[in-house]
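# Breakdown of the fold
If you want the building blocks of each chain, they are given just below.
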Amino acid sequence: MEEREVEMDTEVNSRNVSLITEQVDAHLANLAAFWAHRAPDSTFGGFRTSFDAVGNPVAEDRKYLLSHTRLVWSFSALHEHTADPAYLELASMGFDYLLDHFHDREHGGWHWIVDNAGAPIDRSKLIYGQSFAVYALAMYGRVAADTRAIDLASLTWDRIVTEAADTRFGGFLENLDSSWRLAGDGAQAGDRKSLDIHMHLMEALTELFAVTGRQEHARRLREVRDLIVDRMIDHTSGAGGNQYSLDLSPIPPIIIDKTWIAERSPTTRGATLPPTTSYGHNLELGWLIERADEVLGESGAHTAVVTALADHALQFGFDEQFGGVYRDGPPIGPAADTGKEFWQNAEALVGWLNAYSLDPDEK
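First things first, this report covers the structure right here in the doc. Everything numeric in this text was worked out from a predicted model, so none of it was measured.

### Quick look at the overall build of the protein
Along its length, the protein carries 10 helices and 12 strands. In terms of overall size, the protein behaves like a compact globule, its C-alpha atoms giving a radius of gyration of 21 Å where 363 residues would be expected to give roughly 21 Å. For the protein, the C-alpha atoms occupy an extent of roughly 70 × 45 × 45 Å along the three principal directions. With 363 residues in all, the protein has 48% of them scored as buried.

Here is the structure:
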């Protein structure tokens with residue numbers, strides 16, 4: 001009787017996943033069409049990235065490395081998913097713009113912000129941005145079979161290692177100036193490391209190793225993954241951490257310049273916050289660890305860690321009344337910030353589906 005119930009549950013869950021897949025594909029088609037139509041900037045080149053509630057462009061006087069690399073990655077992924085050459089053309093246009101305007105030919109790496117004419121406004125070498133350059137270039141290079149992009153991804157990673165690898169404590173320094181000198185302390189964040197940025201370095205390395213197959217990239221990927229698992233996840237609570245001193249000791253987080261959280265409280269940058277965990281990051285981290293394991297040929301190596309991250313987000317970060325994922329809260333206990341943003345909920349789709357693939361439990 002119990003075996004029959006398990007079989008029935010499996011059939012129901014398979015139908016549910018199939019239905020969700022159809023819904024996601026339909027929504028993805030609409031979402032991709034929105035960006036394919038609106039993002040190309042016919043006046044200045046590159047991509048527009050700001051629109052109002054009904055999709056009309058909002059005036060912009062600058063372009064950001066982060067949004068451009070993410071769009072290059074996204075259009076490359078869409079081409080791979082659909083085989084539509086229009087997406088590859090958009091990805092190629094974005095790659096050319098990155099190369100022409102964001103690439104720092106003097107110091108290596110990529111500028112953080114340029115103006116509409118393509119002149120650098122902020123030449124900072126934020127490892128957050130550099131990691132997304134590696135991520136996008138590796139993806140585009142693989143999908144387009146463009147060795148220039150793959151070579152640039154490898155060269156960018158080499159520069160990150162040369163300039164930002166912390167040979168004393170491990171991991172990577174995260175906030176550097178135009179010539180790769182470490183930024184100041186406090187809100188400039190030269191005195192701290194974070195789970196967020198090391199997570200995205202792992203993500204970038206996964207994409208890079210997948211396309212190059214180079215063992216030096218595999219070795220670095222294992223190092224970053226293991227540092228995250230060993231030093232940046234609280235295995236008692238199952239939650240990921242936030243910010244760390246250079247020696248990787250957990251420290252109270254602060255609002256850092258040039259990050260997404262600074263936009264919430266622009267007048268309190270540098271302010272100390274209570275220790276928190278991000279439910280969106282925990283879900284994102286889980287599937288990125290699983291993806292790294294898969295690419296390294298070590299699938300299932302961290303199943304317990306991945307499911308613990310998903311369970312923690314479900315226990316403390318999910319709104320049982322209205323649905324959706326909250327922003328963040330303490331490592332153990334109810335959410336402290338019950339606001340909701342799109343990205344945590346987008347990561348929840350991937351993170352909980354990934355956890356379900358490892359542990360097919362209805363929850």
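### Regarding the nonpolar core
Side chains of nonpolar character tend, in soluble globular proteins, to be buried together. Counting residues in hydrophobic clusters, the biggest one holds 71 residues, and the most contacted among them are Phe75, Trp110, Trp157, Phe172, Met202, Leu285 and Ile289. It is helix α4 (residues 127-144) that contributes the most residues to this core, 10 residues altogether. Those residues in contact with Ile289, other than ones at most four positions away along the chain, are Met202, Val229, Ile233, His302, Val305, Val306 and Leu309. Grouped together as the second largest cluster of nonpolar side chains are 10 residues, Leu283, Ala313, Phe316 and Val325 included.

### Comments concerning the sheet that holds strand β2 (residues 113-115)
As summarised here, the arrangement of the three strands in space is β1-β2-β3, forming an open sheet in which the pairing is antiparallel. Each edge of the sheet is formed by a strand with only one pairing partner; in this case those strands are β1 (62-64) and β3 (120-122). Taking each pair of neighbouring strands and ignoring which way they run, the sheet shows an average axis angle of 35°. With three bridges connecting them, β1 and β2 associate as antiparallel partners.

### Points about the packing of helix α8 (residues 279-295) against helix α9 (residues 303-317)
Taken N-terminus to C-terminus, the directions of α8 and α9 make an angle of 160°; their axes are 9 Å apart at the nearest point. Between α8 and α9, the angle is such that the two are roughly antiparallel. Between α8 and α9 lies a crossing of left-handed hand. Of the residues in α9, those touching α8 at Tyr279, Asn282, Leu283, Leu285, Gly286, Ile289 and Glu290 are Val305, Val306, Leu309, Ala310, His312, Ala313, Phe316 and Gly317. Its residues assigned to classes, the contact of α8 with α9 comprises 10 nonpolar, four polar and one charged.

### Topic: the packing of aromatic side chains
Counted under the stated rule, the structure contains 12 aromatic pairs. Ring geometry for Phe95 and Tyr140: centres 5.0 Å apart, planes at 25°, overall stacked. On the criterion of sequence distance, the pair formed by Phe95 in helix α3 (residues 85-102) and Tyr140 in helix α4 is long-range, its members being 45 residues apart. Ring geometry for Phe132 against Tyr135: centres 6.1 Å apart, planes inclined by 80°, an arrangement best described as edge-to-face. Of this pair, Phe132 and Tyr135 both sit in helix α4, three residues apart, which is roughly one turn of that helix. Of the two residues, Phe132 and Tyr135, neither departs from the other in class, the shared state being buried. In textbook terms, an aromatic cluster arises when at least three aromatic residues are bridged by ring pairs, as seen for Trp73, Tyr128, Phe132 and Tyr135.

### Let's talk about the side chain of Arg225
Along the chain, Arg225 falls in helix α7 (residues 215-231). A residue is classified by how much of its surface remains accessible, and Arg225, at 4% relative accessible area, is buried. Sequence-distant contacts of Arg225, that is, excluding residues within four places in its chain, are made with Met202, Asp293, Leu296, Glu298 and His302.

### Some words on the sheet that holds strand β10 (residues 250-251)
If you walk across this open sheet you meet the three strands as β6-β9-β10, and the pairing is antiparallel. Either end of the sheet is taken by a strand with one partner, and the two such strands are β6 (192-194) and β10. Sheet topology places strand β9 (residues 243-245) next to β10; two bridges connect them, and they run antiparallel. In the sheet register, Tyr244 faces β10, and the bridge partner there is Pro250.

### Some details on the side chain of Asp41
Its place among the elements puts Asp41 in the loop between α1 (2-38) and β1. By relative accessible area, which is 9% here, Asp41 ends up buried. Excluding its chain neighbours within four sequence positions, the residues that come into contact with Asp41 are Gly46, Phe47, Arg48 and Lys63.

### Observations concerning the pattern of salt bridges
Per the counting criterion, the structure on display carries 21 salt bridges. Asp293 is the partner of Arg225 in a salt bridge, and the nearest nitrogen-oxygen pair spans 2.7 Å. One end of the pair, Arg225, is in helix α7; the other, Asp293, is in helix α8, with 68 residues separating them in the sequence. Assessed through its relative accessible area of 0%, Asp293 is described here as buried. Among the salt bridges present, the one from Arg291 reaches Glu294, with a minimum N-O distance of 3.6 Å. Highlighted residues: Arg291 and Glu294, both in helix α8, separated by three residues, approximately one helical turn. By relative accessible area, Arg291 is classed as partly exposed at 31%. With relative accessibility at 45%, the residue Glu294 sits in the partly exposed group. Within this structure, Arg222, Arg225, Asp226, Asp293 and Glu298 form a network of salt bridges that share partners.

Rules used throughout
Residue positions within a chain follow its written sequence, with the count starting from 1. Per-residue local features are limited, in this predicted model, to residues with pLDDT of at least 70; the limit for side-chain atom pairs, both in listing and counting, is 80 or more; totals at the level of whole chains, interfaces and linings are taken over all residues. Side-chain descriptors were evaluated using all non-hydrogen atoms of the structure, hydrogens and water having been removed beforehand. Comment: elements are numbered from the N terminus, with helices defined as DSSP H or I runs of at least four residues and strands as E runs of at least two. All radius of gyration figures rest on C-alpha atoms, and the globule criterion is 2.2 Å times the number of residues raised to 0.38. The rule is simple: take the accessible area with a 1.4 Å probe, protein chains only, and divide by the maximum for that residue type; under 20% is buried, over 50% is exposed, in between is partly exposed. By convention a nonpolar core is built from buried Ala, Val, Leu, Ile, Met, Phe, Trp, Tyr and Cys residues, the set being connected through side-chain atoms within 4.5 Å. Only heavy atoms enter the contact rule, under which two residues are in contact if any of them lie within 4.5 Å. Here, any two strands with at least 2 DSSP bridges between them count as paired. Note on definitions: angles span 0 to 180 degrees between N-to-C directions of axes, and those axes are lines fitted to C-alpha atoms, for helices only across the stretch in contact. Each angle gets one of four labels, with under 35 degrees taken as roughly parallel, over 145 as roughly antiparallel, 65 to 115 as roughly perpendicular, and the rest as oblique. With the far helix as reference, a near helix turned anticlockwise by less than a right angle produces a left-handed crossing, and one turned clockwise produces a right-handed crossing. As a working rule, the residues Ala, Val, Leu, Ile, Met, Phe, Trp, Tyr, Cys and Pro are called nonpolar, Asp, Glu, Lys and Arg charged, and the rest polar, with Gly in that last group. By convention, a stacked pair of Phe, Tyr or Trp rings (six-membered ring in the case of Trp) has centres within 6.5 Å and planes under 30 degrees apart, an edge-to-face pair has planes over 60 apart, and any other such pair is tilted. Criterion for a salt bridge: a side-chain nitrogen of Lys or Arg within 4 Å of a carboxyl oxygen of Asp or Glu.

Remember that the coordinates give geometry; whether it matters functionally is a separate question.
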